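Reading the structure
What follows is the residue order along each chain.
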Amino acid sequence: MNKVLNTILLPLMIFSFQSFLNAQKSNETVWFNGLARSYFSRDVLESTSDTLYPRNTSNGYNLVDLNIHVNPIKTIEIFAQLRVRNKFGSFFGSGTNIDVRQLRASGTIKNKFNFSVGDIFLKQNRFTLYNYNEELSSFENDMFKPYRDIIHYENFYTDNRWRLQGLQTDFSLQFDRFIRTLEFDFFITRPRGSSQLGSNTYSPDLLLFGGSFVSKITKKLSFEVNYIKFFELPSSGNMNISINNPVYHSGLNYKYIKNNFMLSHKLQTGFSQRNWLFSELDNGSDSSSFSTRGMFFEFENEFLVKDSSFKLVLGARYVDPNFRSAGSQTRRIDFNTEIQNTVYPLHTNDYVPRPSSAFDLLSDENRFNQDLFGTLMSFNPIFSNILPFGDGTPNRMGFYLSSTLNKNQILFSKIKTAFFNEVIGQGTTEKRNFLLLAGDLKININEIFKKPKEFSLSFSYWYELTKRDGDVFEELNLNSSHINGFLNLEISKKFYFQLGLKQINASGKEFITQRNEYGVIQNFSFVNYDQSDFIYFAGINYKIKKNIYANIQYNWWGEDLNNPTNPTFYDFNYRRLLFIFSVKL
Amino acid sequence: MRTIKDIIPFFIFLFFFNECTKGDIEGPLISDLYGAFSITDDFLLVNKTPDFSSGDIVKFNCSFNKTTDWKITITGLQSSSVKEISGFSNLIDSNIVTWNGNTSQLPFFQKENCAVELTFLNESDKLRDTLNIIGSNAYEDGILVANFENGLPQDALVSWTSNIGLRTFEIANDDPLLGNAYFKMGGKVNWDWPIGKLDLKLNLPSITVPAEEFYINIGILSDSIDIHTGQFINIIISESTLPFNDDLTPNQAGQQLADIFDASDEVYKMKIPVDWHGWRILSFKYSDFEELSPGASGVIFNKNPNNITGIRIASQACPSAGANVNCPENLNKLVRTDIDHIIFTENSPLLGN
């Protein structure tokens with residue numbers, strides 16, 4: 001395979017270089033950027049009772065992503081990202097992979113229409129197409145930035161967009177009466193192609209298309225409509241079963257300035273449909289099943305001080321139990337039990353699959369998902385139970401409030417609270433109540449004492465409470481708290497000493513919902529949590545330049561599971577030495 | 001502001017006039033899943049005197065307050081045949097849970113009284129009833145290839161290894177699986193693997209299912225008296241378009257062999273170790289068959305049950321003497337791999353119907 005790739009890519013590189021030379025002659029532009037990274041980790045098993053696994057393992061790689069930008073004319077760009085990746089321990093090409101990671105052509109036609117073809121990054125609205133941040137990543141204050149950067153880069157998570165392959169175009173119009181502007185955006189993509197599943201079974205193509213229309217009616221008032229459709233094309237496979245999930249959204253935004261405040265009020269609503277089409281190819285009659293319809297409504301108010309030193313958001317939201325939007329409810333992390341962790345996937349001498357801990361969610365790039373799903377994915381309630389599927393989490397209604405404060409670059413504070421109820425109960429007429437209380441405080445101590453070298457302390461606390469009344473079987477009460485602490489001290493110029501901790505404590509009862517392939521709840525499995533996840537780290541970060549850094553850190557991580565039958569048997573403790581050298585070219 | 005007055009009614013329209021499909025609760029009741037178990041509708045049998053030979057079925061009905069693993073066990077009081085039907089639900093629906101007189105464990109049910117018992121995993125409750133079979137299932141719900149009741153099928157070719165010591169390639173009536181006859185297939189060939197084979201000509205234009213849903217079912221009898229190590233049956237299926245028996249040249253033993261099972265044709269195989277005592281009915285998906293000769297030049301291997309033109313049942317055993325002494329313990333033992341009731345079924349195996 002490598003030989004084939006080399007055969008293809010070597011001429012391509014020569015061609016690129018030749019193009020570059022030709023470009024110099026014909027005023028075409030070819031330019032390069034990219035990323036280079038060296039990564040090395042050494043994981044150590046701390047438990048002495050696990051005797052069936054190696055005491056330590058090491059892993060690492062070097063990679064270079066070369067981005068080639070070709071501008072044959074000023075308004076057109078051809079972009080290709082080539083990756084050369086070499087695992088540690090490989091020699092003379094064996095273990096070296098060369099991949100084409102991204103390809104895209106984009107440009108502007110007649111200075112009016114923008115277009116992109118190939119790998120495109122799409123985001124629309126929080127209820128239609130939106131790639132929500134993974135759990136545990138809020139309020140970290142860049143504590144685990146080297147890990148997060150890698151996860152996001154490797155999984156193409158950019159600006160809450162989904163990476164898709166297809167065509168996108170947008171254009172806008174301006175008017176001098178009645179309305180001020182009209183903006184249009186359309187896309188069509190294929191998240192998954194038809195593939196062979198069995199000797200005579202082929203899955204259909206999965207398509208996603210949509211459009212947005214935004215109009216600035218007056219200086220203060222704007223109106224938007226979004227539409228997205230996630231569906232399978234039955235004729236492109238022979239499984240005879242295809243999903244269809246359109247989502248409609250509209251919003252009205254009123255913004256104005258009063259005294260020292262910028263205020264905005266946003267009203268948005270919409271609805272979704274979802275069904276599966278069962279095509280009988282022989283007799284031509286189709287039938288649709290598992291049809292659901294659901295709507296949502298949100299009213300949000302934002303108060304922003306003009307200098308951005310303070311912001312307050314207050315809102316109310318209702319999301320129907322049957323609101324389904326594949327583009328916005330797909331999660332980055334799937335807690336499907338079949339997915340194993342990369343580091344020490346089994347533990348104990350009984351070869352028990354190791355549950356995913358906070359450290360796995362931070363560091364294991366293979367745990368993350370890049371595909372859109374038409375049904376709700378599994379989640380772990382101790383990490384996120386209030387809104388596991390983002391703002392469009394079905395079966396929620398309630399209020400939320402958040403604020404940010406920046407006091408003279410000395411003190412940064414964030415507060416987030418929410419109170420939600422279920423709209424209908426799960427497995428009972430009793431409904432869950434959810435409470436979120438979260439706060440984050442960062443103090444730049446060097447700013448207090450007017451010192452040039454950075455010295456900051458930050459601390460955050462995230463608390464989720466889930467309660468439900470009812471009889472002895474129905475009642476539940478789950479407490480989950482996430483604590484982050486971080487010290488960042490510049491001991492020499494651009495040379496930082498860092499200490500950090502993250503701890504997740506969970507206790508109480510909850511039921512995990514089990515759904516079938518059509519998203520219908522089949523069962524509730526009872527779980528009684530009493531556990532604590534922890535990650536501690538100490539390290540040094542050398543920021544050579546803005547885009548170049550070297551980071552070395554030592555992590556202590558694990559999980560204490562107070563299993564009632566054997567309080568310590570299922571606990572696990574590991575350590576890791578990590579080195580990252582990253583250069584953005 | 002006038003524009004706002006125009007747009008807000010639009011939102012109100014969307015909010016109030018959009019029909020949603022939410023119910024009162026989502027999912028099964030937790031009190032049912034985790035509460036105390038109780039029967040809400042009694043265990044009921046519809047048709048307690050079935051005549052399975054004329055297509056009768058027995059229907060079962062029962063409901064309980066929680067979703068659980070349940071099992072219906074029907075035991076023939078004379079034959080000791082057992083049929084088990086199981087599921088995970090809170091309802092045994094008589095439209096779905098039925099019995100057509102087949103068995104999960106040989107021998108087959110006869111005309112006899114049966115005990116019926118409904119049990120639940122992790123629950124002590126047991127519900128009992130009885131029924132009386134007045135006509136047993138003939139197991140002919142499929143494409144019957146051979147039941148040997150009237151001798152060998154038309155165009156069948158029987159052959160055995162030249163100079164075989166003892167051989168039993170013949171119709172017999174002493175111990176049939178079903179009906180009154182079966183095909184004895186065995187013998188003693190100490191020096192080589194092949195014992196003999198039965199070639200049957202087929203024509204299956206009416207099959208509508210793909211290979212994944214097409215089953216080959218066969219009854220096989222062996223005994224533990226002379227059981228060989230390395231004793232098995234090979235089932236070979238051909239989709240060759242050659243004539244079944246055009247070449248009339250006999251083999252060394254003087255018998256005719258079908259011409260459609262050569263390694264150069266589109267032929268598939270399945271190897272079945274035979275190491276038990278008594279009759280068993282085995283079922284295989286056609287899609288699980290392997291290509292006989294994957295590298296055959298010019299052959300496109302694309303299983304299609306419609307195109308099957310023949311089936312070969314071959315008996316083999318590990319040699320105990322001669323040039324290849326692989327199993328000396330088999331010396332002078334008589335191989336027994338008798339067969340009966342070869343039948344193709346669509347969508348499910350014979351005993352799963």
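Residues numbered from 1 in each chain as written. Chains lettered and ligands numbered in written order. Predicted model: local features only at pLDDT ≥ 70, side-chain atom pairs only at ≥ 80, totals over all residues.

Thoughts on the overall build of chain A
Of the regular secondary structure elements, chain A holds five helices and 25 strands. Over its C-alpha atoms chain A spans a radius of gyration of 26 Å, differing by no more than 12% from the 25 Å that the globule rule assigns to 585 residues. Referenced to the eigenvectors of the C-alpha coordinate spread, the extents of chain A come out at roughly 70 × 70 × 60 Å. Within chain A, counting contacts between residues at least 6 apart in sequence, those at least 24 apart form 60% of the total. (Helix = DSSP H or I, 4+ residues; strand = E, 2+ residues; numbered from the N terminus. Rg over C-alpha atoms; globule rule 2.2 N^0.38 Å. Contact = placed C-beta atoms within 7 Å.)

Quick notes on the overall build of chain B
Looking only at helices and strands, chain B features two helices and 21 strands. Rg of the C-alpha trace for chain B: 28 Å, well past the compact-globule value of 20 Å for 353 residues, more than 25% over. Its C-alpha atoms give chain B principal-axis dimensions of roughly 100 × 60 × 40 Å. Every one of the 353 residues in chain B was classed for burial, and the buried ones make up 32%. Put simply, of all contacts in chain B between residues at least 6 apart along the chain, 73% involve residues at least 24 apart. (Buried ≥ 20, exposed ≤ 12 C-beta atoms within 10 Å, placed from the backbone.)

Describing the pairing of strand E22 (residues 495–515) of chain A
Residue and element names in this part refer to chain A. Bridging between strand E21 (residues 476–492) and E22 involves 15 bridges; their strand directions are antiparallel. Note on E22: the bridge partner recorded for Asn488 is Gln498. Here E21 folds back onto E22 in antiparallel fashion, the turn holding two residues, of which Lys494 has a positive phi close to 65°. Relative to strand E23 (residues 521–545), E22 runs antiparallel, the two being bridged by 21 bridges. Bridge pairing links Gln498 to Gly539 in E23. Counting the residues in the hairpin turn of E22 and E23 gives five residues, including Gly519, whose phi is positive at 80°. (Pairing = 2+ DSSP bridges.)

Structural notes on helix H2 (residues 145–154) of chain A
Residues and elements named next belong to chain A. Within the span of H2, buried status applies to Pro146, Tyr147 and Ile151. Angular distribution of buried residues about the axis of H2 spans 130°; they occupy a single face of the element. Phi for Phe156, located one or two positions after H2, is positive at around 60°. (Arc of directions from axis to C-beta.)

Observations regarding the domain arrangement of chain B
By a widely used convention, the size of an interface equals the accessible area lost when the partners come together. All names here are of chain B. Each domain of chain B was delimited in the assignment, giving domain 1 (30–132) and domain 2 (143–352). Between the C-alpha centres of domain 1 and domain 2 there is a distance of 36 Å. Opposite the five residues of domain 1 that make contact, domain 2 presents five residues. Tallied by class, the residues present in the side of domain 1 that touches domain 2 amount to two nonpolar, three polar and no charged. (Domains from an automatic or database assignment. Nonpolar A, V, L, I, M, F, W, Y, C, P; charged D, E, K, R; others polar.)

Overview of the nonpolar core
A general tendency of soluble globular proteins is for nonpolar side chains to be buried together. One finds Ile235, Ile236, Ile313 and Ile339 of chain B to be the most contacted residues of the largest nonpolar core, which totals 57 residues. If you tally residues by element for this core, the top one is strand E3 (residues 58–76) of chain B, at seven residues. There are two domains that each give this core at least three residues, and those are domain 1 (30–132) and domain 2 (143–352) of chain B. Excluding its chain neighbours within four sequence positions, the residues that come into contact with Ile339 of chain B are Tyr182, Phe183, Met185, Ile218, Gly219, Ile220 and Ile313 of chain B. Judged by nonpolar contacts, the second largest core, of 27 residues, contains Ala506, Phe524 and Ile535 of chain A together with Ile30 of chain B. (Core = buried A, V, L, I, M, F, W, Y, C linked by C-beta atoms within 7 Å.)

Regarding the environment of Ile72 of chain B
Residue and element names in this part refer to chain B. Along the polypeptide, Ile72 turns up in strand E3. Judged by the 23 C-beta atoms lying within 10 Å of it, Ile72 falls in the buried class. Considering only alpha carbons, one finds Ile72 and Ile92, 20 residues apart in sequence, at a separation of 9.9 Å. When neighbours within four sequence positions are excluded, Ile72 is seen to be in contact with Phe60, Ile85, Val116 and Leu118.

Focus: the sheet that holds strand E9 (residues 157–160) of chain B
Residue and element names in this part refer to chain B. The six strands lie next to each other as E9-E13-E19-E15-E16-E18, forming an open sheet whose pairing is antiparallel. Edge positions in the open sheet fall to E9 and strand E18 (290–291), since each of these has one partner strand only. Bridge count for strand E16 (residues 267–273) against E18 is two bridges, and the pairing is antiparallel. Bridge pairing links Lys269 to Glu290 in E18.

A closer look at the pairing of strand E5 (residues 113–122) of chain A
Residues and elements named next belong to chain A. Note that strand E4 (residues 96–109) and E5 share six bridges and pair antiparallel. Each residue of the ladder has a partner; that of Thr108, found in E5, is Asn114. Pairing geometry for E5 and strand E6 (residues 162–174), over nine bridges, is antiparallel. Opposite Leu122, over in E6, you have Trp162 as the bridge partner.

Some words on the environment of Pro50 of chain B
Residue and element names in this part refer to chain B. For Pro50, the location among the structural elements is in the loop between strand E2 (39–46) and E3. Put simply, Pro50 and Ser136 are 86 residues apart on the chain and 8.5 Å apart in space, counted from C-alpha to C-alpha. Excluding residues that lie within four positions of it along the chain, Pro50 makes contacts with Asp56, Ile57, Val58, Gly101, Leu131 and Ile133.

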